[in-house]
Amino acid sequence: MSIKLYNTLTCRTEELIPGGERMDSPEQYPPVTIYSCGPTVYGPAHIGNFRTYIFNDLLRRYLKFRGYRVNHAMNITDVDDKTIAGSSKEGISLREYTDRYTATFFDDLKTLGIEPVEHNPRATESIDAMIDIIARLNKKGLVYEKEGSLYFSISKYPRYGRLSRVDSREIKSGLRYDTDEYEKDDIRDFALWKGAGPDEVGWDTPFGRGRPGWHIECSAMVRKIFGTTIDIHTGGVDLIFPHHENEIAQSEGAYDEPFVRHWVHWEHLLVDGAKMSKSKGNFYLLRDLTEKGHSPRSVRYLLMSAHYRKQLNFTIEGLRQAESALGRIDNLIVRLKDIRRDGPGNAELPAMIEDLFSRFCESVDDDLNISRGLADFFDFLHGVNGLIDGDAISMADANLVMDVLKRIDTVFGFIFFGEAAPEADVPWIEDMIRRRQEAKKARDFARADSIREELSSKGIILEDTKDGTRWKQKT
RNA sequence: GGCGCCGUACCCAAGUGGCUAAGGGAGAGGUCUGCAAAACCUUUAUGCAGCGGUUCGAAUCCGCUCGGCGCCUCCA
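The rules behind these values
Residues numbered from 1 in each chain as written. Chains lettered and ligands numbered in written order. Predicted model: local features only at pLDDT ≥ 70, side-chain atom pairs only at ≥ 80, totals over all residues. Heavy atoms only, no water. Helix = DSSP H or I, 4+ residues; strand = E, 2+ residues; numbered from the N terminus. Buried < 20%, exposed > 50% of the residue type's maximum accessible area, 1.4 Å probe, protein only. Contact = heavy atoms within 4.5 Å. Areas by Shrake-Rupley, 256 points an atom, 1.4 Å probe, with all protein chains shown as cover. Lys, Arg positive; Asp, Glu negative; His and termini not counted. Charge placed at Lys NZ, Arg CZ, Asp CG, Glu CD. Pairing = 2+ DSSP bridges. Polar contact = N/O pair within 3.5 Å; in protein donor to acceptor, adjacent residues only side chain to side chain. Axes fitted to C-alpha atoms, helices over the stretch in contact; angles between N-to-C directions. 1 Å grid on protein atoms, 1.4 Å probe; cavity = no way out; pocket = protein on both sides within 12 Å on 5 of 7 lines; lining within 4 Å. Points joined across faces, edges and corners; volume = space filled by probe spheres on them. Nonpolar A, V, L, I, M, F, W, Y, C, P; charged D, E, K, R; others polar. Parallel < 35°, antiparallel > 145°, perpendicular 65-115°, else oblique. Left-handed = near helix turned anticlockwise from the far one by under 90°. Domains from an automatic or database assignment.

Here we look at the overall build of chain A
Okay, step 1: The secondary structure content of chain A amounts to 14 helices and 15 strands.
Okay, step 2: If one aligns the C-alpha atoms of chain A with their principal axes, the spans along those axes are about 90 × 55 × 40 Å.
Okay, step 3: Buried positions account for 51% of the 475 residues belonging to chain A.
Okay, step 4: Sequence-distant contacts in chain A: of pairs separated by 6 or more residues, those separated by 24 or more amount to 75%.
Okay, step 5: Element-wise, carbon and sulfur atoms account for 49% of the exposed surface of chain A, whose accessible area totals about 22,600 Å².
Okay, step 6: Within chain A, one finds 66 positive and 77 negative side-chain charges whose respective centroids are separated by 2 Å.

Re the pairing of strand S15 (residues 468-473)
Okay, step 1: Sheet topology places strand S14 (residues 460-465) next to S15; six bridges connect them, and they run antiparallel. The residue of S15 that forms the bridge with Asp464 is Thr469.
Okay, step 2: Two successive antiparallel strands, S14 and S15, enclose a turn made up of two residues.

Comments concerning the side chain of Thr77
Okay, step 1: Inspection of the secondary structure assignment puts Thr77 in the loop between strand S4 (70-74) and helix H2 (81-90).
Okay, step 2: The exposure class of Thr77 is buried, given its relative accessible area of 3%.
Okay, step 3: A distance of 3.0 Å separates the side chain of Thr77 from the side chain of Glu217, its partner in a polar contact.
Okay, step 4: Not counting the four nearest positions on each side in its chain, Thr77 is found in contact with Pro39, Thr40, Val41, Ala123 and Glu217.

Considerations on the sheet that holds strand S9 (residues 230-236)
Okay, step 1: As summarised here, the arrangement of the four strands in space is S4-S3-S9-S10, forming an open sheet in which the pairing is parallel. Edge strands, defined here as strands with exactly one partner in the open sheet, are S4 and strand S10 (260-266). Going from strand to strand, the sheet's axes swing by 20 degrees on average, the running direction of each strand aside.
Okay, step 2: The pairing of S9 with S10 spans six bridges and is classified as parallel.

Focus: empty space enclosed by the protein
Okay, step 1: Counting across every chain of the model gives one cavity of 30 Å³ or more.
Okay, step 2: Of the volumes computed, that of the largest cavity is approximately 80 Å³.
Okay, step 3: If you trace the largest cavity, you find it lined by Ser219, Val222, Arg223, Gly227, Thr228, Thr229, Ser251, Glu252, Tyr255, Glu257, Pro258 and Phe259.
Okay, step 4: Among the elements of the structure, helix H5 (216-226) and helix H6 (240-255) are those that each provide at least two residues to the lining of the largest cavity.
Okay, step 5: Here the residues of the lining of the largest cavity sort into four nonpolar, five polar and three charged.

A word on unusual backbone geometry
The phi torsion of most residues other than glycine is negative, and most of the peptide bonds are trans.
Okay, step 1: Cis geometry marks the peptide bond from Phe241 to Pro242, where omega comes out at 0 degrees.
Okay, step 2: Relative to the elements of secondary structure, Pro242 occurs in helix H6.
Okay, step 3: Located in the positive-phi region is Cys11, a residue other than glycine, with phi close to 60 degrees.
Okay, step 4: Following the sequence through the fold, Cys11 ends up in the loop between strand S1 (4-7) and strand S2 (12-15).

Topic: the packing of H5 against H6
Okay, step 1: Relative to each other, H5 and H6 sit at 50 degrees, their axes nearing to 8 Å. As summarised for this structure, H5 and H6 are arranged oblique, according to the angle between their axes. With respect to the hand of their crossing, H5 and H6 are arranged in right-handed fashion. For the pair formed by H5 and H6, the contact residues are Ile216, Cys218, Ser219 and Arg223 on the first element and His243, Glu247, Gln250, Ser251 and Tyr255 on the second.
Okay, step 2: Of the residues assigned to the contact of H5 with H6, the class counts are three nonpolar, four polar and two charged.

Focus: the domain arrangement of chain A
Okay, step 1: Here the domain parsing of chain A yields domain 1 (4-286), domain 2 (329-412) and domain 3 (426-473).
Okay, step 2: Put simply, the middle of domain 1 and the middle of domain 3, counted by C-alpha atoms, are 56 Å apart.

Considerations on the sheet that holds strand S8 (residues 210-212)
Okay, step 1: Spatial ordering of the open sheet is given by S5-S6-S7-S8, a layout of four strands whose pairing is antiparallel. The open sheet has two edge strands, strand S5 (143-146) and S8, and neither has a second partner. Averaged over neighbouring strand pairs, the angle between their axes works out to 25 degrees when direction is ignored.
Okay, step 2: As defined by bridge partners, strand S6 (residues 149-152) adjoins strand S7 (residues 190-195) across three bridges and the pair is classed as antiparallel. The residue of S7 that forms the bridge with Leu150 is Trp193.
Okay, step 3: On top of the sheet, helix H4 (residues 127-139) reaches S5, S6, S7 and S8; it is set at about 120 degrees to S7, its chief contact.

Some details on the layout of surface pockets
Okay, step 1: Within this model, the second largest pocket holds a volume of roughly 990 Å³.
Okay, step 2: Lining of the second largest pocket is provided by 39 residues; of these, Ile333, Val334, Arg335, Asp338 and Arg470 occupy positions nearest its centre.
Okay, step 3: Among the elements that make up the lining of the second largest pocket, the one with the highest residue count is helix H9 (residues 316-337) (10 residues).
Okay, step 4: Taken together, the residues of the lining of the second largest pocket break down into 11 nonpolar, 12 polar and 16 charged.
Okay, step 5: Per-domain counts for the lining of the second largest pocket show at least three residues from each of domain 2 (329-412) and domain 3 (426-473).

Take a look at the structure:
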């Protein structure tokens, strides 16, 4: 069994072989080297952006779950036209401006349960590596200069276009035209280095003062951090062309070795059937949803529940459905914690657990099919609920199941293990429950119901079972 | 105009040549309950946009039609 991922470069689902040499077990492989295109920090990221970061997270979590080690980098683009424009508009330094949105970004990642990755390089801290690439390209005659800016010359690089199959395209003049303000020889050429005046944001380099083109930073960071061919490069589908195509041209042009083994691209989040984007204005920020009372974990659940290579249309109704599904998982945990029976373990349970993991791995190994993995998980959940209903489960079994949930949540990252919130006044709640029991015993159901309603208004839900009343917090 | 993807139940969504088309949400009936809630059981697509074709056999392959989306321009 091995992990298979769709590779945009070959248009095929291919086995992941970290380091390029097959081993007998995941532990024997070198760490999986992953580079993910990160945000340009010119404002808060919207949930469409976060769909890709959630899938980056799912990928690395699943690799670790399967026993691989990972070495993962995600860049922060902290210099480009938008960040420069934004900071000058506010009259603050570029650094101050980008620091603000970088912090917002990391806060949101944390809120969504996205694990920190091993490296978060910033473009402005990787200028040296960019200079090295440009110098190498220049030595090979792939660079030309025009009005202080340096461009990559695609006509001198025949291998261009393999990722996006752009070579078969015709750039239709009139329909689409170049909006770049810089002069270029060929419409497809792209800027490696943009010349800057003495008062503009810039760095002094052997080829003059200027700032990086958009694509060069990723090539530079990959080289700086990993040194050689990496296993996986990820990003949104909109980056296939031209961004990733240009990265390949720069890196392979400069270093004469394969840049990336496996290209993985996440599909877009839509809203009302159209791509969610800042420029269209049809986006939700994470805080737009949390302020309305939607939990971050339901956002996480929803965004990752559909396969990554399929567009997902975001709706509030979808978020509600995700919340209900999560409620089902929460309830299992409440029920497990409530089990007090000693005694021998259930004979069926170990096989159920084994079945869950083998099915789950089979599903998710197959191009990260988390939808199927979720179905496997819910089948297991259903089975355990059946055991609980039949009173066929002991405390030891319950702990075993809790361990399973914790293990599987190292992949999901959205299960709520229900630590009692500090504001919950447990003695008071228990007192209220006791008073309600007395009322029930006296058949004063009006009073019993009013106690239940009072607790409900404080966010405490009561459930009567044959072993007594238990409570849980609304989540 | 070029390139590519998608259309599966009331909603979301797996499945891409062959057992009775996963799973979640919602609804209905039942068990339990003073009533709820939760859970469990039963139930909701002879059908996979439409029409042709290939095949012993198709949601799955091919062609056409209709509908939707993305990329080709900053973008996740």
